[in-house]
Number of protein chains: 4
Amino acid sequence: MIVVLKQGVQEERRAQLIEWLKAMGLGIHISDGDYQTVLGLIGDTSKVDMDLIESLDIVDSVKRVTEPFKCCNRKFHPDDMIVEVGDVKIGGGNFCMIAGPCSVETEEQIVEVAKAVKASGANMLRGGAFKPRTSPYDFQGLKGQGIELLKIARQETGLPIVTEIMSVSDLHLFEDVDVLQVGARNMQNFDLLRELGSFGKPILLKRGLANTLKELLMSAEYIMASGNEQVILCERGIRTFSDYTRNTLDLAAIPMLRELTHLPIIVDPSHATGIARLVPPMALAATAGGADGLIIEVHNDPMHALCDGAQSLRPEEYDALSKQIMSIREVVAK
Amino acid sequence: MIVVLKQGVQEERRAQLIEWLKAMGLGIHISDGDYQTVLGLIGDTSKVDMDLIESLDIVDSVKRVTEPFKCCNRKFHPDDMIVEVGDVKIGGGNFCMIAGPCSVETEEQIVEVAKAVKASGANMLRGGAFKPRTSPYDFQGLKGQGIELLKIARQETGLPIVTEIMSVSDLHLFEDVDVLQVGARNMQNFDLLRELGSFGKPILLKRGLANTLKELLMSAEYIMASGNEQVILCERGIRTFSDYTRNTLDLAAIPMLRELTHLPIIVDPSHATGIARLVPPMALAATAGGADGLIIEVHNDPMHALCDGAQSLRPEEYDALSKQIMSIREVVAK
Amino acid sequence: MIVVLKQGVQEERRAQLIEWLKAMGLGIHISDGDYQTVLGLIGDTSKVDMDLIESLDIVDSVKRVTEPFKCCNRKFHPDDMIVEVGDVKIGGGNFCMIAGPCSVETEEQIVEVAKAVKASGANMLRGGAFKPRTSPYDFQGLKGQGIELLKIARQETGLPIVTEIMSVSDLHLFEDVDVLQVGARNMQNFDLLRELGSFGKPILLKRGLANTLKELLMSAEYIMASGNEQVILCERGIRTFSDYTRNTLDLAAIPMLRELTHLPIIVDPSHATGIARLVPPMALAATAGGADGLIIEVHNDPMHALCDGAQSLRPEEYDALSKQIMSIREVVAK
Amino acid sequence: MIVVLKQGVQEERRAQLIEWLKAMGLGIHISDGDYQTVLGLIGDTSKVDMDLIESLDIVDSVKRVTEPFKCCNRKFHPDDMIVEVGDVKIGGGNFCMIAGPCSVETEEQIVEVAKAVKASGANMLRGGAFKPRTSPYDFQGLKGQGIELLKIARQETGLPIVTEIMSVSDLHLFEDVDVLQVGARNMQNFDLLRELGSFGKPILLKRGLANTLKELLMSAEYIMASGNEQVILCERGIRTFSDYTRNTLDLAAIPMLRELTHLPIIVDPSHATGIARLVPPMALAATAGGADGLIIEVHNDPMHALCDGAQSLRPEEYDALSKQIMSIREVVAK
């Protein structure tokens, strides 16, 4: 950690700060410039409160030189992590195609969609049983019953199932789910993350609406530090001033996260845009940009979908898109 | 709800959409303009999926004309809500001053700060027992023990206590807490909100980092629709491109929320700025802008505070600030 | 235009508003709902001040149903515009590859880069002669001399040249430039836009850092309404809270603009990310997302570049990238 | 400037970088930590391209320790700058009240408003003659004629006049204007800024929609480095995801700029909110937050204003507000 002092700081106050830092067990390397003094802190700075130091009136600025995340840091894990879900591999050159309806509605619906997306090349099935909704008056999902329907669809198709967990108290219902999704609104629900760290199932962790990549990695760190290394990161759009799409898809996050972490990185173009006809170009863009997979909403009857029909593709649209994705994938994988 | 169709829509597809809308039990009022047709939907549109309709290729845009929130809507509750916490009243012209340390650390610390802020005019005590931290390696709060220390401070000073709840599973520890705070990261933790709706204690609901005012009100609606009307809203800064403060304090939210809802609105200048020396001017600004109260971090030894010391005032700074707040309050309350 | 009145508006005030609107020559269609009254304004609403009406205390909200842009509106120009620059065509299925250094520095440099990018498949040369710099102490470009060097490079390679114009007063120096670029900071320099409308050269118009797609189109409208239809739009990243890249590349703008306008749309991954090693994946993503072309910074010696070396590719990197772009382009163009 | 190298960098590449830095005439101070090496650059780093170094694959991050602005830096000018406009002083404890219509429309209008705001305590008159409008079809201002009308109003009331300059080519019309305003869209129109640096009139420089405080100061630096020290900074709202107001007023900018610069700082609550009824609370908030003045839109007939009527106060509203501002000012100035 580097601490830059303001110009003309009194010798006494400077000595006081240095004493205080030393009292934390840190070595201090002092470098006097023409205009400013820079302190280099040597040792374990992970418990040093950077904001506190920055707020001192004698301090100009502070900079951390080592990232605060370890378990998910590529520096310590140079090889790609490959998450395995049954026969499906994610990461390390393996591309995954997750598809399915926003909400599970009926057995007929989920089985039909599952068969359709499988035929188009999907290797995992998504479907919401617990739905986070802005309004308490909106449909909140079939909950436990929805998970049972997903299992039926899995039995019919062999596709592993991915579904969202919203609360620690529902965890017992997810014993037989293949991948647990943490939604954007829960990315910093730290109690939930910690519990998932000891649940022993792969976790699909979505980036929050207004979270930085470092915060996303720190949330992965919560899960991993509790013992679960099977984490898949998901970029799904951030909130910006731009208002023509629901969110702004931040695809540069793919190569940037690739440098910072060894975890697989997938993209959700459906929630990112919120508009079905923008999903195919953004799915192709994400593939070309190096994503390890895509999670896409597909519905057999978007006009009657109970939620988020606006962003769902019809099975025939998904089928056409899959073929293009595969062609792009071939170019990129070379 | 108003649906604007695109130009040159085929008669058949238009008829199909109208049929579908009628099938939901809605009356349809058709208005043909020179360029576009506008459909006015009459009846209960609360279950109509606005996004789905907007995504149809024959639709140009959709507009909701009635807000989706009811319990917290000033239209249906013209008089200010006054939340009562013991003898303390919040809202309806009553100004509340909540102060205390970021984290509860020791009995000595919390009692000393409580006495100091009471002497300066604070009428409620804040202190974190459960702390949401970005990093799993940071101090997470004293938890249950912290709440016990807060109760001791309450006994010593008579100040009601406000502290953050992060998880439904901790709720039993909050039976004897006066006001439960929902932090910015949990503003859309819907399970938690619903549980608080039946807990029977006043709730201080903070606006999320990237949430609109409507979303804040919908979260209040979750609590109120579950039976608890005692909700206090709190503006605490939003995340923007601007990087010199931790967040950007959005003070225009005060008069805007005032129009939309009858709930009290307070401001947290400490978390909004993250820098102690910016807290006084922003506390004064919030007061002048019409806030119903302030929640401010005060610490007796910021240099050693376990978290967020950067944004805490010393007791003597809080004392000086309180006097100015009161003077501003007199001008505004006229 | 649709005006939604608030609940319980006095008959008299409502009548007053309607009179005022009629006085502007508008027809008014009144639709009374259970809760609210909606006024449909019929006729030429282009001069109605939407913000003013929205601010009236009896008005809940206002919605424009026809876009305020005409010249660049696909509704009125269903076929793609093809901008022609010598033999090079942009738009309508023609892909353009613009490449070159951030700044023109020496004859040797610009000619060498021009030859290199041409060999890799570029069909236009970019290079900054006038440089917008945040600091008055930074290198501001070779100005007129830089344009002369660009012309030499054009003569040597046959590549048309693209360079930025910052001020109306420099326009005489651009008589022999092939495409004039308007930078992000000047997207709403309306005097400049108007002048370019009568200059008779193709314009490459970059989206501003914090501008919506509608604002970008209105700026294109300024140029087109003044008589110049040869406008190429360019997405180059927007400013958001996200801080690991210089800007956030908003690729969904490509398919969205495609719907709204018939103008060609290209992408600048160099300025969007500001980091050379993120340029290739984002260039591929933009191509897969449907862009009509790419503008990429290439420098033969980034370590010594006078500006923006950080985001420049070396010629051999550009060459490898070009081949991948062409492969992606083949998939997408099918 | 501090350069943090990545872990495990090859000795040879590190030596190469150090040589390159030394070749720029810099002294290099090397500090080896447990994980990383930090280079401290000593000497004139103002011409070092920070982004270029940061982009090198052996570099982790770079930090500038001295700000790149000098003329407007409080470090070198500890005393408040007081800008004098005739008898009016701005800054250094002097509060200025600028008021007037968005656009100058007629002699009658501008004179009437000028008299009204003067009677309410305003000490400068604003009025737009050149209007930046998003649409080429909107009213663009009376231009030269508008400036003549402002002069008449000045003659009638003695109030100095403030009006916006959009283009260098109009500068001759501003010879007899008291304060030239640079609007948000032109904050980085560097040619204009440079010209104003030699024009010898006080400049009111508005913060751009998406500009940081450092960028605002760098733009002031353009003017000051060209010889004109009479610069007044103006916060007028930034663009964020928040959509209920036109912009988000960032009041913490006042105390933060106060630390960084000695220039006066005023606030424009009219453009920040875009809604007349939010102007009074935000004007009071800005005053309480320490602003050196306010610029507020006042119109005698907002219903018929040619632009921005939505955000204008009526003279009687401004009068009531002025009294409250003065009372707040008394509290703050103590």
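Quick note: structure is the one above.
A brief look at the structure comes next. Sequence order as written defines the numbering, with residues in each chain counted from 1. Written order decides the labels, with chains lettered from A and ligands numbered from 1. It should be noted that, the model being predicted, local features are given only for residues of pLDDT at least 70 and side-chain atom pairs only at 80 or more, the latter also being counted only at that level, while totals for whole chains, interfaces and linings use all residues. Excluding hydrogens and water, the side-chain values take into account all heavy atoms of the structure.

### Notes on the overall build of chain A
Counting secondary structure elements, chain A contains ten helices and 14 strands. Accessibility here uses a 1.4 Å probe with only protein chains present; expressed as a share of the type maximum, an area under 20% marks a residue as buried, one over 50% as exposed, and anything in between as partly exposed. Within chain A, buried positions represent 65% of all 334 residues. Taking the intrachain contacts of chain A between residues at least 6 apart in sequence as the baseline, contacts between residues at least 24 apart amount to 67%. Where accessible areas are quoted, they stem from the Shrake-Rupley method and a 1.4 Å probe; at the residue level, only the protein chains shown are allowed to cover. For chain A, the exposed area adds up to about 11,300 Å²; of that, 47% sits on carbon and sulfur atoms. His is not counted, nor are the chain ends; Lys and Arg add positive charge and Asp and Glu add negative charge. Every charge is mapped onto a representative atom, which is NZ of Lys, CZ of Arg, CG of Asp or CD of Glu. Of the charged side chains in chain A, 34 are positive and 46 negative; the average position of the first set lies 1 Å away from that of the second. Strands here are runs of E lasting at least two residues and helices are runs of H or I lasting at least four, both read from the DSSP assignment and numbered beginning at the N terminus. By definition in these notes, contact holds between two residues if any of their heavy atoms fall within 4.5 Å.

### Some thoughts on helix α7 (residues 253-260) of chain A
Burial of α7(A) is extensive: six of the eight residues sit out of reach of the surface. All buried positions along α7(A) are accounted for by A:Ala253, A:Ile254, A:Pro255, A:Met256, A:Leu257 and A:Leu260. On its buried side, α7(A) packs onto α6 (213-225), β12 (231-235), β13 (265-267) and α9 (279-288) of chain A together with α9 (279-288) of chain C.

### Focus: the side chain of B:Thr248
Tracing the chain through its elements places B:Thr248 in the loop between β12 (231-235) and α7 (253-260). Ignoring sequence-local partners within four residues, the contact set of B:Thr248 consists of B:Glu235, B:Gly237, B:Ile238, B:Thr240, B:Ser242, B:Ala272, D:Ile238, D:Thr248 and D:Asp250.

### Quick word on the interface of chain C and chain B
Listed by partner, the interface residues are 19 residues for chain C and 20 residues for chain B. Buried area between chain C and chain B, summed over both chains or domains, comes out near 1,800 Å², and the portion from carbon and sulfur atoms is 63%. The term salt bridge refers to a pairing of a side-chain nitrogen on Lys or Arg with a carboxyl oxygen on Asp or Glu at a separation within 4 Å. At the junction of chain C and chain B, the tally comes to two salt bridges. In protein, a polar contact means a hydrogen-donor-capable atom and an acceptor-capable atom, both N or O and within 3.5 Å, with residues adjacent in sequence counting only if both atoms are side-chain atoms; elsewhere, any N or O pair within 3.5 Å suffices. Linking chain C with chain B are zero residue pairs in polar contact (both at pLDDT 80 or more). Every element with two or more residues in the side of chain C that touches chain B is listed here: β1 (2-5), β2 (27-32) and β4 (59-63) of chain C. Ranked by residues supplied to the side of chain C that touches chain B, first place goes to β4(C) with four residues. For this scheme, ten residues count as nonpolar: Ala, Val, Leu, Ile, Met, Phe, Trp, Tyr, Cys and Pro. Four count as charged, namely Asp, Glu, Lys and Arg, and the remainder, Gly too, count as polar. Of the residues in the side of chain C that touches chain B, the class split is seven nonpolar, seven polar and five charged. What counts as buried area is the accessible surface, traced by a 1.4 Å probe, that two parts surrender upon association, with contributions from both included.

### Here's the deal with the relation of the copies chain C and chain B
After a rotation of 180 degrees and a shift along the axis of 0.0 Å, chain C superposes on chain B with an RMSD of 0.0 Å. With respect to symmetry, the two chain copies, as superposed, fit the operation of a two-fold axis. Among all residues of chain C, the one whose C-alpha sits closest to the rotation axis is C:Phe241, at a distance of 2.0 Å. A shared binding surface is used by both copies, with 100% of the interface residues of chain C retained as interface residues in chain B. Here the copies are matched by least squares. The fit uses the C-alpha atoms of residues with pLDDT of at least 70 in both.

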